[in-house]
Amino acid sequence: MSKTAVYPGSFDPITNGHIDLVYRALKIFDKVTIAVLVNTKKEPLFSLKERMEIIQDVFKGEDRIKVDYFEGLLIDYLKKHNYNIVIRGLRAVSDFELEFQMALTNRKLYPDFETFFMVPAINYTFLNSSVIKEIYRFGGRAPDLVPPAVEKYLKNKFDR
Ligand code: ADP
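None of these values were measured; they are calculated from a predicted model.

Student: What exactly am I supposed to notice about the packing of helix α2 (residues 48-58) against helix α6 (residues 148-158) here?
Tutor: Helices that pack against each other are described as a pair by the angle of their axes relative to one another and the distance between those axes. The interhelical angle for the contact between α2 and α6, taken along N-to-C directions, is 145 degrees, at an axis separation of 9 Å. Across the interface between the two elements, Glu50, Glu53, Ile54, Asp57 and Val58 of α2 pack against Ala149, Val150, Lys152, Tyr153 and Lys157 of α6. Here the contact of α2 with α6 is built from residues that sort into five nonpolar, no polar and five charged.

Student: When you look at the site of the ligand in this model, what are you seeing that I'm missing?
Tutor: Every one of the 18 residues lining the ligand counts as a neighbour, but Tyr7, Phe11, Gly89, Tyr124 and Leu127 are closest to it. In this structure, an oxygen atom belonging to the ligand sits 3.2 Å away from a side-chain N or O atom of Arg88. Side-chain polar atom of Arg91 to an oxygen atom of the ligand: 3.1 Å apart, as the coordinates give it. Considering the ligand on its own, with 530 Å² of exposed area, one finds that the protein chains cover 89% of that surface.

Student: Is there a simple way to think about the packing of aromatic side chains in this case?
Tutor: When we look at a pair of aromatic rings, we describe it by the centre distance and by the angle of the planes. In total, this model carries six aromatic pairs according to the counting rule given. An aromatic cluster is built from Phe70, Tyr77 and Tyr83, whose rings are joined through pairwise contacts. Geometry around Tyr110 places Lys79 over its ring, the cationic atom sitting 5.4 Å from the centre.

Student: Would you explain the environment of Leu73 in this entry?
Tutor: Secondary-structure assignment places Leu73 in the loop between β3 (65-70) and α3 (74-80). Through-space distance from the C-alpha of Leu73 to that of Asn106 is 9.1 Å; in sequence the pair is 33 residues apart.

Student: Help me out: how do you make sense of the packing of helix α5 (residues 129-137) against α6 in this one?
Tutor: Put simply, α5 and α6 touch, their axes get as near as 10 Å, and they point 50 degrees apart. Classed by the angle they form, the pair α5 and α6 counts as oblique. Handedness of the crossing formed by α5 with α6: right-handed. For the pair formed by α5 and α6, the contact residues are Ile132, Lys133, Tyr136 and Arg137 on the first element and Glu151, Leu154 and Phe158 on the second. Tallied by class, residues from the contact of α5 with α6 come to four nonpolar, no polar and three charged.

Student: Hey, could you run me through the pairing of strand β2 (residues 31-37) in this one?
Tutor: Within a regular beta strand, the side chains point alternately toward one face of the sheet and then the other, so they alternate between its two faces. The buried count for β2 comes to five of seven residues, which makes it a mostly enclosed element. Pairing analysis gives six bridges linking strand β1 (residues 4-9) to β2, with the strands arranged parallel. Bridge pairing in β2 links Pro8 to Ala35. On the question of chirality, the crossover connecting β1 to the parallel β2 by way of helix α1 (residues 16-25) is right-handed. Pairing between β2 and β3: six bridges, direction parallel. Opposite Leu37, over in β3, you have Phe70 as the bridge partner.

Student: How do you make sense of the pattern of salt bridges when you look at a structure like this?
Tutor: Pairing between side chains becomes possible if they bear opposite charge and their charged atoms approach one another. As enumerated under the stated definition, the model contains eleven salt bridges in all. Between Asp20 and Arg24 there is a salt bridge, and its shortest N-O distance comes to 2.7 Å. In this pair, Asp20 and Arg24 both sit in helix α1, four residues apart, roughly one turn of the helix. Accessibility expressed as a relative area gives 15% for Asp20, which makes it buried. Classification of Arg24 by relative accessible area gives partly exposed; the value is 28%. As a salt-bridge pair, Asp95 and Arg91 come within 3.0 Å of each other at their nearest N and O atoms.

Basis of the calculations
Throughout this description, residue numbers start from 1 for each chain and increase along the sequence as written. Local features in this predicted model are restricted to residues of pLDDT 70 or higher, and side-chain atom pairs are both shown and tallied only at a pLDDT of 80 or more, whereas totals for entire chains, interfaces and linings draw on every residue. The basis for the side-chain values is all heavy atoms of the structure; hydrogens and waters are excluded. An axis is simply a line fitted to the C-alpha atoms; with a helix, the fit covers only the stretch in contact. Between two such axes, the angle follows the N-to-C directions and lies from 0 to 180 degrees. Runs of H or I in DSSP of at least four residues are treated as helices and runs of E of at least two as strands, each being numbered from the N terminus. Throughout, a contact is declared for two residues whenever any of their heavy atoms are within 4.5 Å. Only Asp, Glu, Lys and Arg are considered charged in this grouping, and only Ala, Val, Leu, Ile, Met, Phe, Trp, Tyr, Cys and Pro are considered nonpolar; every other residue, Gly among them, is considered polar. Distances are taken per atom, and a residue is near a molecule or strand as soon as one of its heavy atoms is within 4 Å of it. Polar contacts, as used here, are pairs of N or O atoms within 3.5 Å; protein pairs need one atom able to donate a hydrogen and one able to accept it. Residues neighboring in sequence count only if both atoms are side-chain atoms. Note on areas: Shrake-Rupley, 1.4 Å probe, and residue coverage restricted to the protein chains presented here. The rule is short: rings of Phe, Tyr and Trp, with Trp giving its six-membered ring, pair when the centres are within 6.5 Å, and they are stacked under 30 degrees, edge-to-face over 60, tilted in between. Lysine and arginine charges are scored as sitting over a ring when NZ or CZ, respectively, is within 6 Å of the ring centre and within 35 degrees of the ring normal. What sets the label is the angle itself: under 35 degrees gives roughly parallel, over 145 gives roughly antiparallel, 65 to 115 gives roughly perpendicular, and the rest give oblique. Handedness of each helix crossing follows the sense of rotation of the near helix against the far helix: counterclockwise by less than a right angle gives left-handed, clockwise gives right-handed. With a 1.4 Å probe rolled over the protein chains alone, any residue whose accessible area is under 20% of its type maximum counts as buried; one over 50% counts as exposed, and the rest are partly exposed. Paired strands are those between which DSSP finds at least two bridges. Consider the strands pointing away from the viewer: the crossover is right-handed when the path from the first strand over the helix to the second runs clockwise. A carboxyl oxygen of Asp or Glu within 4 Å of a side-chain nitrogen of Lys or Arg is what we treat as a salt bridge.

In short, the description is geometric, and any link to function would need to be established separately.
Okay, structure coming up:
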């Protein structure tokens, strides 16, 4: 039976840090489903449709990677699709507290739930989507931190 891991997040937009984790996960799992969260606490820069389109663009031709979305509780999405493994990234100790709380809360609600924590390449440990948005908003460029497909969407969004 093939094993799928779900990678949930806001991906606003996806960065090389997220991508690094997806490829690492594919060394362990047969498939990865990237599940884009509809309602983020903050208003996202990219709409759900754009965030999914960007990810599809980045992983074009990769048949082991699927892009999906969810709204509401992650465990409801997992149960509905018969998934129980989630991957999350740990960049620094500061990520740990919230991730640990979420992992245990989700397992309390769904006993079969498992969280798989992964660490990115060291050069992506400082990276998050907000940093990328700040750079491109003010005309900066960071081609080492996002793939060309993401740069294209960022430039379209911010270039007048
Ligand atoms: P962010 O935390 O950047 O706002 P997301 O909500 O999209 O991004 O994050 C989804 C998951 O990806 C979280 O587990 C987060 O810790 C992880 N993640 C985000 N950026 C990185 C990175 N640079 N390296 C490894 N994991 C990351």
